[in-house]
Amino acid sequence: MRVNENNFIQRLQRKKEDALEFVIDTYLPLIKGVTHKVLAPLENDGMIEECINDIFISVWNNASKFTGGPVDFRKWICAVAKFKSIDYYRKASKKVEVISHTAAELQYGISAEDELMIRENKRELVHFINLLEPIDRNIFVMKFFLGLNTEEIGRELGLTRASVDNRIYRGKKRLYNKVNPGGHI
Amino acid sequence: MMKDVYELLNEMDINENEFEEMEVSEIERAKVKRALRNAITPRKKRWTRNTAAAVLAAGLSVIMLGMTFPAYANSIPGIDNIFRLLGSERSGLFDHYKTYSSEMNLAEKESGITITINDALFDGETVFLTYALESDQDLGVNPTLHGLLDIKGANGLAGSNQLTRVGHNKYVGLVTGTGFGGEVDSKTANVKWSIDSIVNQDGKAAITGDWHFALKLMATESMTQQINRSTEHNGVTVQVDKLSVTPMSFILYFNQAVDQKLREQWEAVDVGIKVKDNLGHRYTGQGNGGAGDKEGYNMNWSKTFEALDPNASQLIITPLLSLYDYTSENHGSMEMTRDGSVEEASKERVKAKSRQEYVLEDIVIDLRK
């Protein structure tokens, strides 16, 4: 049976290589767009290439965790691409002094403390996010994994900036207490 | 149940209109696919090829390379230097190969499939042939060519062949071969390449034919420096014999010897090398396989690296030692004889300690100018 837009998800989950090829053919232009938007300022084409490969490898390795149809798949692969690109961006920003925390903070609303926490406590962060109620869960995924700023998050979820900020503040307070009991922000 | 990042992302209802598509060329597409295919395919196994005079063990890793192809310039657009294109994954290993290769344009058409050798290069050790394959039927993602590359005078050969799809029913590839033993001439290579079938890995029948090429290649200019320096670790001696420098590459020849005690402990011992120069440049390289005793403990290897930095005055060679026991995961072998018969055998034993790795002391060599 040939791979097509109706069966590619199932075939991908069954580790059929032609499905991966189909996914590359279909989504590479989109994935390239997402990674370039995030990583182009670093002027490192090798890193963009590496990141694109990494995105498809992650999609291949984690396909079994995906549920939904082609429309959801498109959203998922975009989210994975954004997540990976932001991850690469953060790692690179850490290495290059010039585009240090400040730039990351300005562009993606991630403070130095946030970054440290993402780097060192990703597992706890994921665990913590799992405990949140749905709306806060969305906010945290958007902020920490997709690099969206408060305004963008508000737009996505139909909330005011103040409300998003407030929820992030409260959530972070709980989170830091959990990750670092006795510490403070 | 605890969800991981990918599941959390799956739940997000993000507005994907925020993302814009970018234009992607056929070459980029092919490159991503190749990188992915490499990443998701298990490591190549050890192969042996049996010949009348010698048994050779070849540590084989697949080279991926492609080709330029003037005769096909119209049908495979944008592909003018695939040596460079495909080498970029390996830190520019093949960046300068195109310049020093000879244009061949030898085409053979059989059973609706045209194979054309485009560029050929012999660096004194290894023969590189880039080729294009154009078919009147779909051959799938990953077809394989069955046949033999032969170098006159060699008792055995280690090599690789990789084919990459670049368009509809169009593929480009590179076949390499390094001859061992016998009367291998380092100045001239008389090469024969015959292909008797092409197998579509997607499960369709093989296409048979007789694509046959014969060519004579003069070696590119090279300078050889004897090294003869060794380092020892826990029963394994690694010696770097010589260095050969060509305009587009350099080749290091080294050997390994394993003492009796270690042989009793481990089923296989492999030595690899990592190389950098005194200016800090790291060379990636590509192993050419090697030949030695039947058990594979005492082996002569060579490895080809990208062009040497002309300003470098020293090479720092770090030998890497792998000790392992065969498991069904890492071992299988195939014997191929000149009459074309193929036998496959694999060991199905699994042991708890299956692998250990060590980094040996550096061997630093001063480059002769």
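These figures come from a predicted structure and were not determined experimentally. (Residues numbered from 1 in each chain as written. Chains lettered and ligands numbered in written order. Predicted model: local features only at pLDDT ≥ 70, side-chain atom pairs only at ≥ 80, totals over all residues.)

### Focus: the overall build of chain B
Item 1. What chain B contains, in helices and strands, is five helices and 22 strands.
Item 2. Within chain B, the fraction of its 369 residues that count as buried is 38%. (Helix = DSSP H or I, 4+ residues; strand = E, 2+ residues; numbered from the N terminus. Buried ≥ 20, exposed ≤ 12 C-beta atoms within 10 Å, placed from the backbone.)

### Some thoughts on the interface of chain A and chain B
Buried accessible area, meaning the area lost when the parts come together, often serves as the stated size of an interface.
Item 1. At the junction of the two partners, chain A supplies 38 residues and chain B supplies 27 residues.
Item 2. Elements with a contribution of two residues or more to the side of chain A that touches chain B: helix H2 (17-39), helix H3 (45-62), helix H4 (70-95), helix H7 (122-131) and helix H8 (134-145) of chain A.
Item 3. Per-class residue counts for the side of chain A that touches chain B are 20 nonpolar, nine polar and nine charged. (Contact = placed C-beta atoms within 7 Å. Nonpolar A, V, L, I, M, F, W, Y, C, P; charged D, E, K, R; others polar.)

### Brief notes about the environment of Val184(B)
Residue and element names in this part refer to chain B.
Item 1. If you trace the backbone, valine 184 turns up in the loop between strand E8 (170-180) and strand E9 (188-199).
Item 2. A tally of 18 C-beta atoms within 10 Å means that valine 184 is categorised as partly exposed.
Item 3. Valine 184 sits 28 residues away from glycine 156 along the chain, and the two C-alpha atoms are 10.0 Å apart.
Item 4. Setting aside residues up to four positions removed in sequence, valine 184 forms contacts with Ile151, Gly153, Ala154 and Gly179.

### Side note on the environment of Leu262(B)
All names here are of chain B.
Item 1. Following the sequence through the fold, leucine 262 ends up in helix H5 (residues 260-265).
Item 2. Classification of leucine 262 by C-beta neighbours within 10 Å gives partly exposed; the count is 15.
Item 3. C-alpha of leucine 262 to C-alpha of asparagine 234: the two residues are 28 residues apart in sequence and 8.0 Å apart in space.
Item 4. Aside from chain neighbours lying at most four places away, what touches leucine 262 is Asn234, Gly235, Val236 and Val269.

### Regarding the packing of H8(A) against helix H9 (residues 150-157) of chain A
In helix packing, the relevant descriptors are the interaxial angle and the interaxial distance, both defined with respect to the helix axes.
All names here are of chain A.
Item 1. Relative to each other, H8 and H9 sit at 140°, their axes nearing to 10 Å. Viewed along their axes, H8 and H9 adopt a mutual orientation that is oblique. In the crossing of H8 with H9, the sense of the turn from one axis to the other is right-handed. Of the residues in H9, those touching H8 at Ile135, Asn138, Ile139, Met142 and Lys143 are Ile153, Glu156 and Leu157.
Item 2. In terms of residue class, the contact of H8 with H9 is made up of five nonpolar, one polar and two charged. (Axes fitted to C-alpha atoms, helices over the stretch in contact; angles between N-to-C directions. Parallel < 35°, antiparallel > 145°, perpendicular 65-115°, else oblique. Left-handed = near helix turned anticlockwise from the far one by under 90°.)

### Some words on the sheet that holds strand E10 (residues 207-218) of chain B
Residue and element names in this part refer to chain B.
Item 1. Across the sheet, which stays open at both edges, the three strands sit in the order E6-E9-E10 with antiparallel pairing between neighbours. Of all strands in the sheet, those with a lone pairing partner are strand E6 (144-151) and E10, marking the two edges. Taking the axes of each pair of neighbouring strands and ignoring which way they run, one obtains an average angle of 15° across the sheet.
Item 2. Pairing of E6 with E9, which is carried by eight bridges, proceeds in the antiparallel orientation. Looking at the pairing, leucine 145 lines up with isoleucine 198 of E9. (Pairing = 2+ DSSP bridges.)

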